[in-house]
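Secondary and tertiary structure notes
Residues per chain, in single letters:
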Amino acid sequence: MSHPAPTAPSILLPEVLGFSPQLLLDDVINSANSAVTASVDGMEMFLLRWADGRAKEGKGKSEDDITQDIEQGLVAFQTLLESHVDIAFDFFELWSLRNIFAVPADLPVVVPHHQGLDLEAPPEKEAELIAEIDDLRRKIDNQQRLKRLYIRAARKSRLQLKHSQSQLEKIMFLRSPQLQILGALPASLTQMCEEVASLPLPDPASLQQPLPDLAKRPWETSKTGYFHWAVGQSLAHSGGDGAQGASAVSRVAEVVQAVGTADQVKSASQPLKQPEGTTR
């Protein structure tokens, strides 16, 4: 008994042929099974028409009996056909794989994607190429990570831009013409403060209040003292009946006290007098 000649590994056939032989044989077998199914369907349609004709003529068995016989016969016919097809195409598949799609091991075959390559490179060269491939893979991985970071940063920037736009919409009222007019006020106020600061300082001696003379009675010291004494006398004479009048007098006294004494008013008005011979 002769042994079959050694063949190349079947895994190389798809690379050489460009398709898988097993898939091609499966398609052929599926086509045969489809033909068997179509044959059974055609036979069923023919037998049903024949049974209808027999039933109309009133010959033979009843319609139900004929239909049952047809179904049983079709099942047996389909089983027989499928059995013969399976056996025949199993042999066809094995014969094809051993004869048609078999490449002898000693046949020099070059795979298309290996054509023009130097497959006899030394191990050092191969190790160098592998290191270069690893380096390229590492660079690709870094680029992918960088791309993910860029995408995340772009998403974050869009969110920040959206938030900033919402904040800008909230303060858009600051661009109104009324606020622009108000914006010019600080400059005027600054100029006013500078002018006030440039004014000469008053003489402290002119603003110094004279000490009260303890030897004089209250109404003899000044006009304010007289007013205080007069108010006190009025309150003493009115007693509890003139509460409304007392409050009015108190308000008058407070106003007089707020204005100051006659000497104070006179001394404060002296710096405003201009020397003789000057014009406004």
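Reading the values: the criteria
Residues numbered from 1 in each chain as written. Predicted model: local features only at pLDDT ≥ 70, side-chain atom pairs only at ≥ 80, totals over all residues. Heavy atoms only, no water. Helix = DSSP H or I, 4+ residues; strand = E, 2+ residues; numbered from the N terminus. Buried < 20%, exposed > 50% of the residue type's maximum accessible area, 1.4 Å probe, protein only. Contact = heavy atoms within 4.5 Å. Areas by Shrake-Rupley, 256 points an atom, 1.4 Å probe, with all protein chains shown as cover. Expected span 1.5 Å × (residues − 1). Salt bridge = Lys/Arg side-chain N within 4 Å of Asp/Glu carboxyl O. Phe/Tyr/Trp six-rings, centres within 6.5 Å; stacked < 30°, edge-to-face > 60°. UniProt positions renumbered as here; feature names shortened; annotations may be inferred. Patch = residues over 30% accessible without salt bridge, like charges linked within 9 Å, V, L, I, M, F, W, Y side chains within 5 Å.

**Let's talk about the overall build of the chain**
Tallying secondary structure elements over the chain gives 11 helices and 0 strands in all. Going from the N terminus to the C terminus, the chain shows its helices and strands as α-α-α-α-α-α-α-α-α-α-α. Buried positions account for 9% of the 280 residues belonging to the chain. In the chain, once contacts between residues fewer than 6 apart in sequence are set aside, the share between residues at least 24 apart is 68%. Accessible surface computed for the chain: about 23,700 Å², of which carbon and sulfur atoms make up 61%.

**Let's talk about helix H2 (residues 21-57)**
Over its 37 residues, H2 runs 55 Å from end to end, which matches the ideal 54 Å to within 8%, given 1.5 Å per residue. Pro21, Leu25, Ile29, Ala32, Val36, Val40 and Ala51 are the residues of H2 that are buried.

**Description of the pattern of salt bridges**
Using the criterion set out here, one finds 3 salt bridges in the structure. Linking Asp135 and Arg138 is a salt bridge whose minimum nitrogen-to-oxygen distance equals 2.8 Å. On the criterion of helical spacing, the pair formed by Asp135 and Arg138 is a turn pair, its members being 3 residues apart in helix H4 (residues 123-170). When its relative accessible area of 28% is taken as the criterion, Asp135 is described as partly exposed. Of the residues examined, Arg138 reaches a relative accessible area of 48% and is grouped as partly exposed.

**Focus on the packing of aromatic side chains**
This structure, assessed with the given rule, holds 1 aromatic pair. Ring centres 6.0 Å apart and planes at 80° place the aromatic pair Phe89 and Phe92 in the edge-to-face group. Of this pair, Phe89 and Phe92 both sit in helix H3 (residues 63-100), 3 residues apart, which is roughly one turn of that helix.

**Some thoughts on the UniProt feature "coiled-coil region" (unreviewed entry) in the chain**
Residues given the UniProt feature "coiled-coil region" (unreviewed entry) here are residues 126-153. From the first C-alpha to the last, residues 126-153 spans 40 Å; its make-up is 100% helix and 0% strand.

**Brief notes about a nonpolar patch on the surface**
A cluster of nonpolar side chains, Ile11, Leu12, Val16, Leu17, Phe19, Leu24, Val28, Phe92, Trp95, Ile100, Leu107 and Val109, forms an exposed patch at the surface whose accessible area comes to about 1,000 Å². Of all the secondary structure elements, the ones that give two or more residues to the nonpolar patch are helix H1 (13-17), H2 and H3. Ranked by residue count, the leading element in the nonpolar patch is H3, at 3 residues. Mapped onto the elements, Leu107 comes out in the loop between H3 and H4.

**A few points about the environment of Gln78**
Position of Gln78 relative to the elements: it lies in helix H3. Looking at Gln78, the relative accessible area reads 29%, which means it is partly exposed. C-alpha separation for the pair Gln78 and Thr37, spaced 41 residues apart in sequence, amounts to 7.7 Å.

**Quick look at the environment of Thr37**
Among the secondary structure elements, Thr37 is positioned in helix H2. A relative accessible area of 36% means that Thr37 is categorised as partly exposed. Along the primary structure Thr37 and Glu82 are separated by 45 residues, whereas in three dimensions their C-alpha atoms are 8.9 Å apart.

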